[in-house]
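Next come the chains, spelled out residue by residue.
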Amino acid sequence: MVKHIILWKLNPELSEEEKAKVKAEIKAGLEGLVGKVPGLLEVTVHIDGRLDSSNADVMLDSTLESAEALKGYAPHPAHVAVRDTKVRPYAVERLCLDFEI
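In this report, we go over the structure that sits alongside the text. (Residues numbered from 1 in each chain as written. Predicted model: local features only at pLDDT ≥ 70, side-chain atom pairs only at ≥ 80, totals over all residues. Heavy atoms only, no water.)

**Some points on the overall build of the protein chain**
Point 1. Scanning the protein chain from terminus to terminus reveals 3 helices and 4 strands.
Point 2. Expected size for 101 residues packed as a compact globule is a radius of gyration near 13 Å; at 13 Å, the protein chain falls within 12% of this value.
Point 3. Along the three orthogonal principal directions, the C-alpha set of the protein chain runs to about 40 × 25 × 20 Å.
Point 4. For the protein chain, the proportion of its 101 residues judged to be buried stands at 35%.
Point 5. Long-range contacts, defined here as pairs at least 24 residues apart, represent 67% of the contacts in the protein chain between residues at least 6 apart.
Point 6. Of the roughly 6,100 Å² of accessible surface on the protein chain, 54% is carried by carbon and sulfur atoms. (Helix = DSSP H or I, 4+ residues; strand = E, 2+ residues; numbered from the N terminus. Rg over C-alpha atoms; globule rule 2.2 N^0.38 Å. Buried < 20%, exposed > 50% of the residue type's maximum accessible area, 1.4 Å probe, protein only. Contact = heavy atoms within 4.5 Å. Areas by Shrake-Rupley, 256 points an atom, 1.4 Å probe, with all protein chains shown as cover.)

Written out as structure tokens, the structure is:
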């Protein structure tokens, strides 16, 4: 199995209300991919409880069946739709960590 972890920093020009809306839409969109993307087993998007010591706004914690499933996840149309409409327009930084478990 493979863990796929992403951290995003949202555009600082967004108001707190806008950030809350964007975070909720990112969470709903990405968590909704389970069952739609082959090999995607679990998705949790962390948007609440952020401490002031954090320098990221949103965390994606996902588990996939294999490295091959991860390769299929990125270009999958359902993922691309969420990425291009819910994440990319609002994120200014992205970090990724993929590893086998």
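**Concerning the pattern of salt bridges**
Point 1. By the definition in use, this model includes 6 salt bridges.
Point 2. Note that Lys21 is salt-bridged to Glu25, the shortest N-O span being 3.7 Å. In this pair, Lys21 and Glu25 are both assigned in helix 1 (residues 16-31), 4 residues apart and thus about one turn of the helix distant.
Point 3. A salt bridge links Arg50 to Asp57; its shortest N-O distance comes to 3.7 Å.
Point 4. For Arg50, a relative accessible area of 37% corresponds to the partly exposed category.
Point 5. A single salt-bridge network, built from bridges that share partners, covers Arg83, Asp84 and Arg88. (Salt bridge = Lys/Arg side-chain N within 4 Å of Asp/Glu carboxyl O.)

**With respect to the layout of surface pockets**
Point 1. Its volume calculated, the largest pocket comes out at about 290 Å³.
Point 2. Lining the largest pocket are 16 residues, with Ile6, Trp8, His79, Arg83 and Arg94 sitting closest to its centre.
Point 3. Counted by class, the lining of the largest pocket contains 9 nonpolar, 2 polar and 5 charged residues. (1 Å grid on protein atoms, 1.4 Å probe; cavity = no way out; pocket = protein on both sides within 12 Å on 5 of 7 lines; lining within 4 Å. Points joined across faces, edges and corners; volume = space filled by probe spheres on them. Nonpolar A, V, L, I, M, F, W, Y, C, P; charged D, E, K, R; others polar.)

**Some remarks on the environment of Val58**
Point 1. Mapped onto the secondary structure, Val58 falls in strand 3 (residues 58-64).
Point 2. Note on Val58: relative accessible area 2%, which makes it buried.
Point 3. Taking C-alpha positions, Val58 is 9.5 Å from Ala91, a pair spaced 33 residues apart along the chain.
Point 4. Beyond its immediate stretch of four places on either side in the chain, Val58 contacts Ile6, Leu7, Trp8, Leu10, Lys23, Ile26, Val45, His46 and Ile47.

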